[in-house]
Amino acid sequence: MNTTARHGRIVRIALVVCACSFVFGFFAMPPLYRIVCERVFGIKLQQGPAGEQKLAGLVADPDRLVTVEFDASVNPGLAWTFRPSQGSMQVRPGVLTETVYYARNVSSAAIVGNAVPSVAPSTASPYFNKTECFCFTEQLLAAGEEREMPVRFIVDPALPDKVSTLTLSYTFYNNEPATARVAAAASGESGGS
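Quantities reported herein were computed from a predicted structural model and do not represent experimental measurements.

J.: For this particular structure, what's the right way to read the overall build of the chain?
T.: When you go through the chain residue by residue, the secondary structure sums to three helices and nine strands. Listed by position from the N terminus, the elements making up the chain come as α-α-β-β-β-β-β-β-β-β-β-α. Looking at the 193 residues of the chain, the share that counts as buried comes to 30%. Counting only contacts in the chain whose residues sit at least 6 apart along the sequence, the fraction spanning at least 24 positions is 75%.

J.: Mind showing me how you'd approach the environment of Arg152 here?
T.: Mapping Arg152 onto the fold places it in strand 8 (residues 146-155). Considering only alpha carbons, one finds Arg152 and Lys130, 22 residues apart in sequence, at a separation of 5.8 Å. For Arg152, the residues in contact, after removing those within four places along its chain, are Leu96, Thr97, Glu98, Asn129, Lys130, Thr131 and Glu132. A polar contact of 2.7 Å, which involves the side chain of Arg152, links it to the side chain of Glu98.

J.: Honestly, the nonpolar core in this entry has me stumped. Any pointers?
T.: The nonpolar side chains of a soluble globular protein tend to be buried with one another. The biggest cluster of nonpolar side chains holds 30 residues, and the ones touching the most others in it are Tyr101, Phe134, Phe153, Leu166 and Tyr170. Residue assignment for this core shows that the elements contributing at least two residues are strand 1 (66-74), strand 2 (80-84), strand 3 (88-91), strand 4 (97-105), strand 5 (111-120), strand 8 and strand 9 (165-174).

J.: Looking at this structure, I do not really get the sheet that holds strand 4. What am I missing?
T.: Two modes of strand pairing occur in sheets, parallel and antiparallel, and in both the strands are linked by backbone hydrogen bonds. In spatial order, the strands read 2-4-8-6; together these four strands make up an open sheet with antiparallel pairing. Looking at the sheet topology across the chains shown, the edges are occupied by strand 2 and strand 6 (128-132). Strand after strand, the sheet turns through a mean of 30° between neighbouring axes, direction not considered. In this sheet, strand 8 lies alongside strand 4 in antiparallel orientation, the contact comprising eight bridges. Looking at strand 8, one finds that Thr99 is bridged to Val151.

J.: Would you take a moment to explain the packing of aromatic side chains for this structure?
T.: What the rule picks out here adds up to eleven aromatic pairs. Here Trp80 and Phe172 contribute two aromatic rings whose centre-to-centre distance is 4.9 Å and whose plane-to-plane angle is 55°, an arrangement assigned as tilted. Placement of Trp80 in strand 2 and of Phe172 in strand 9 is noted, with a sequence separation of 92 residues between them. When sorted by exposure, Trp80 lands in the same class as Phe172, which is buried. Here the aromatic rings of Phe134 and Tyr170 are separated by 4.6 Å at their centres, their planes lie at 45°, and the arrangement is tilted.

J.: Before we go on, may I ask you to explain the pairing of strand 5 in this structure?
T.: Strand residues, when the strand is regular, have side chains that alternate between the two faces of the sheet. As paired elements, strand 5 and strand 7 (residues 139-141) share three bridges and run antiparallel to each other. When the bridges of strand 7 are listed, Val112 appears paired with Leu140.

J.: Looking at this structure, how should I read the confidence of the model for the chain?
T.: Low pLDDT means the predicted atomic positions in that stretch should not be read closely. In this model, the chain carries an average pLDDT of 83, and 76% of its residues clear a pLDDT of 70 or more. For residues 38-43, every residue scores under 50 in pLDDT, and the model assigns this stretch 15 contacts once sequence neighbours within four places are set aside.

Reading guide: rules and limits
Residues numbered from 1 in each chain as written. Predicted model: local features only at pLDDT ≥ 70, side-chain atom pairs only at ≥ 80, totals over all residues. Heavy atoms only, no water. Helix = DSSP H or I, 4+ residues; strand = E, 2+ residues; numbered from the N terminus. Buried < 20%, exposed > 50% of the residue type's maximum accessible area, 1.4 Å probe, protein only. Contact = heavy atoms within 4.5 Å. Polar contact = N/O pair within 3.5 Å; in protein donor to acceptor, adjacent residues only side chain to side chain. Core = buried A, V, L, I, M, F, W, Y, C linked by side-chain atoms within 4.5 Å. Pairing = 2+ DSSP bridges. Axes fitted to C-alpha atoms, helices over the stretch in contact; angles between N-to-C directions. Phe/Tyr/Trp six-rings, centres within 6.5 Å; stacked < 30°, edge-to-face > 60°. pLDDT = per-residue confidence, 0-100.

Shown next as structure tokens:
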């Protein structure tokens, strides 16, 4: 086999490996991530707000207080600051409660971010129900914009008695495809005027 044919074969193999890696990463990783988070670690990856049916049966527990701690972080690829309005609060299970986070775009361009929530300990995750959350949608912040982001939640009264403290944590990530769409739309508007 001559050198040109051998190089061509290596290039074809490399392209097949790249294509397989893309397909695995794009299609197989999200379901695997969900399975590992939900079944192995007990982290509930809720897709939307808790439904009215689920919340209708919750009755407030007047004799119990649970501490909810709030944590915020930003992935290094996102030029934002992000913080909770308070470090913690005490809530009664079964009572609708609200808190606020603040996000600020510190870059000179509009950026779209997505927040990924988690609740610790993982055994408490199924008992933490968000009824309104910025994590359900993409968040677009203009350059320098700061926004208040409310979260409404109910701790299920069925939370095991041994759990007295929960931590609600969010990490914001740059939604690069959505940010690119926003940038393209902005350049199209400025180029057309």
